[in-house]
Amino acid sequence: MNHDYGTHFRHRIIATGLAALAILAVATPSRVLSAELDRIALEADQQGGAVLTLSLSKRVAQRIFRLHNPERLVIDLPDTRRRARLPQPPEGGVVAAVRSGVQGRRTLRLVVELRSPLQPQLQPMAAAGGYQLRIALAATTAAAAAAATAAADQGISTSAVAAAPKPPRSVRAAHAPLGEHNIIVAVDAGHGGDDPGATGVTGTREKDVTLAIARALAARIDREPGMHAVLTRDGDYFVELRARMDRAHAAHADMFVSIHADAVRDHGVSGASVYILSERGASSEAARTLAEQQNAADLKGGISLADQPLDVRSVVLDVTQSANIGQSVEAADRVLGALDHVGAVRKREVQQAAFMVLKSPDIPSLLIETAYISNAGEERKLRAPAEQQRLADAIFSGIDSYFRKFPPDGSQYARSHGDEAGHSTELARSGF
């Protein structure tokens, strides 16, 4: 498996709906870019910050994130061509320079160099004949930055479309240093109770195997300083699919991992597979969230869709979902590579499907088919505690690898391993 971040994204065509991430679609040179950046305005404000306004010919699913040491704000505009001149920053202001380039073939990237840490506040709005994206770069205190960084680095922001920033939400273990929160992983054992799942040729039930592996994975996660696991079920009982997602949200999870063991009629089929949410599944969930007011709950980072106009909710949700699926792809690829090192992998590419448990719009979510319980040899292995532990260790290895490269701000991982390694590598390859 190839785990290089840039190479991974260059060689995988996911879907056009993921254009808000730097997951690049291969296109023919003759195809016309669908949006144009017509104007870029940069002005100082009276509070010591600045306001960057982008005027586009149409709405795009932008991605915005921050980089540190030095401080930068990165704005990716998929399927967009720049016609506007780059602005000259005000003398002595907080913005040192504005640069642009093309990421891949179709994503316009703007890089705003900052002289000090600033909190971006995103205000997308319709404009006459197009779309306008206003980004307020506000001077921020350390406390405000800590609350807002997670949202900003995922392509969303605590802005006029959101309620006041909430304190970081986490579960703190005894081994976590004071002032740093744990990375929370929701571990979901598939099936349970009246739903046994698939059954092997000798009677092994999927619900029992998945619970054993989930418990082993949770225990391994809890042994790692700076990480904590939450089980969506810890016994032989059934949990509704949407309730599993809700439990992950209630735990403020940074990742959701659902454990399964597949079955097919061909008993010779074997190997593991890893799934993320498909474009169709993401679209259907977005439509449900936007249509039903009771689903407009807070997203990670304190972003609330409740009581916001439909067009604003749609923009924020599009950005959040796109960033989330991109994170899921990267995490899934690392887990798949780790599984490949300990046994056969059935499908060597990350798969996409509309599984209900993958539909959280703001939590990177994976569904792992650990093996085929319908295969006699794999069924026998799945019953063995040593194999269950081996699979759990491999899954943990992939999760750990992902968070070491992309640690949430304020976590022990961020302090230990740096919170910009992945983005810095990507920018370096892009000439930024």
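Refer to the structure above for everything that follows.
**Some details on the overall build of the chain**
- Along its length, the chain carries 10 helices and 17 strands.
- The buried share of the chain, taken over its 432 residues, is 56%.
- Contacts spanning at least 24 positions in sequence make up 72% of the contacts within the chain whose residues lie at least 6 apart.

**A few points about the packing of aromatic side chains**
- Scanning the entire structure with this criterion turns up three aromatic pairs.
- Measuring from ring centre to ring centre gives 5.3 Å for Tyr275 and Phe355, while their planes differ by 75 degrees; the resulting arrangement is edge-to-face. With Tyr275 in strand E13 (residues 273-277) and Phe355 in the loop between strand E16 (351-353) and strand E17 (365-372), this pair connects stretches of sequence that are 80 residues apart.
- What makes Tyr275 buried here is its relative accessible area of 10%.
- The class of Phe355 is partly exposed, set by a relative accessible area of 31%.
- Here a set of aromatic residues connected by ring pairs shows up, and it is made of Tyr402, Phe403 and Phe406.
- One residue, Arg404, lies across the ring of Tyr413, its end atom 4.9 Å from the ring centre.

**Section: the sheet that holds strand E7 (residues 107-114)**
- Spatially, the four strands line up as an open sheet ordered E3-E4-E7-E6, and their pairing is antiparallel. At either margin of the open sheet sits one strand with a lone partner, and together these are strand E3 (63-67) and strand E6 (95-103). Strand-to-strand twist in this sheet, taken as the mean axis angle between neighbours without regard to direction, amounts to 20 degrees.
- Pairing of strand E4 (residues 72-78) with E7, which is carried by seven bridges, proceeds in the antiparallel orientation. The partner of Asp76 across the bridge, within E7, is Arg109.

**Re the pattern of salt bridges**
- Under the criterion given, the structure shown has 15 salt bridges.
- The partner of Asp208 in a salt bridge is Arg205, and the shortest N-O contact between them spans 2.8 Å.
- Assessed through its relative accessible area of 34%, Asp208 is described here as partly exposed.
- Of the residues examined, Arg205 reaches a relative accessible area of 36% and is grouped as partly exposed.
- The salt bridge partner of Arg383 is Glu379, with a shortest N-O separation of 3.6 Å.

**Some details on the environment of Glu71**
- Mapped onto the fold, Glu71 is located in the loop between E3 and E4.
- A residue is classified by how much of its surface remains accessible, and Glu71, at 15% relative accessible area, is buried.
- In this structure the C-alpha to C-alpha distance between Glu71 and Leu114, which are 43 residues apart in sequence, comes to 5.3 Å.
- Setting aside anything within four residues of it in sequence, one finds Glu71 in contact with Arg66, Val112, Glu113, Leu114, Ser116 and Pro117.

**Some points on the side chain of Arg109**
- Checked against the element boundaries, Arg109 lands in strand E7.
- Looking at Arg109, its side chain comes within polar contact range of the side chain of Asp76, at 2.6 Å.

**Let's talk about the sheet that holds strand E11 (residues 227-231)**
- Strands sit in the order E11-E10-E12-E17-E13-E16 across an open sheet of six strands; the sheet is mixed. What marks the edges here is a single partner per strand, and that holds for E11 and E16. With direction set aside, neighbouring strand axes in the sheet form an average angle of 30 degrees.
- Alignment of strand E10 (residues 183-189) against E11, held across five bridges, turns out to be parallel. Paired with Ile184 across the bridge in E11 is His228.
- Of the strands in this sheet, strand E12 (255-262) and E17 are in contact with helix H7 (residues 376-383), which crosses E17 at around 115 degrees.
- Packed onto the sheet, helix H8 (residues 385-405) meets E10, E11, E12 and E17 and runs at close to 150 degrees relative to E12.

About the criteria used
Residues numbered from 1 in each chain as written. Predicted model: local features only at pLDDT ≥ 70, side-chain atom pairs only at ≥ 80, totals over all residues. Heavy atoms only, no water. Helix = DSSP H or I, 4+ residues; strand = E, 2+ residues; numbered from the N terminus. Buried < 20%, exposed > 50% of the residue type's maximum accessible area, 1.4 Å probe, protein only. Contact = heavy atoms within 4.5 Å. Phe/Tyr/Trp six-rings, centres within 6.5 Å; stacked < 30°, edge-to-face > 60°. Lys NZ or Arg CZ within 6 Å of the ring centre and 35° of its normal. Pairing = 2+ DSSP bridges. Axes fitted to C-alpha atoms, helices over the stretch in contact; angles between N-to-C directions. Salt bridge = Lys/Arg side-chain N within 4 Å of Asp/Glu carboxyl O. Polar contact = N/O pair within 3.5 Å; in protein donor to acceptor, adjacent residues only side chain to side chain.

Geometric descriptors of this kind do not, in isolation, establish any biological role.
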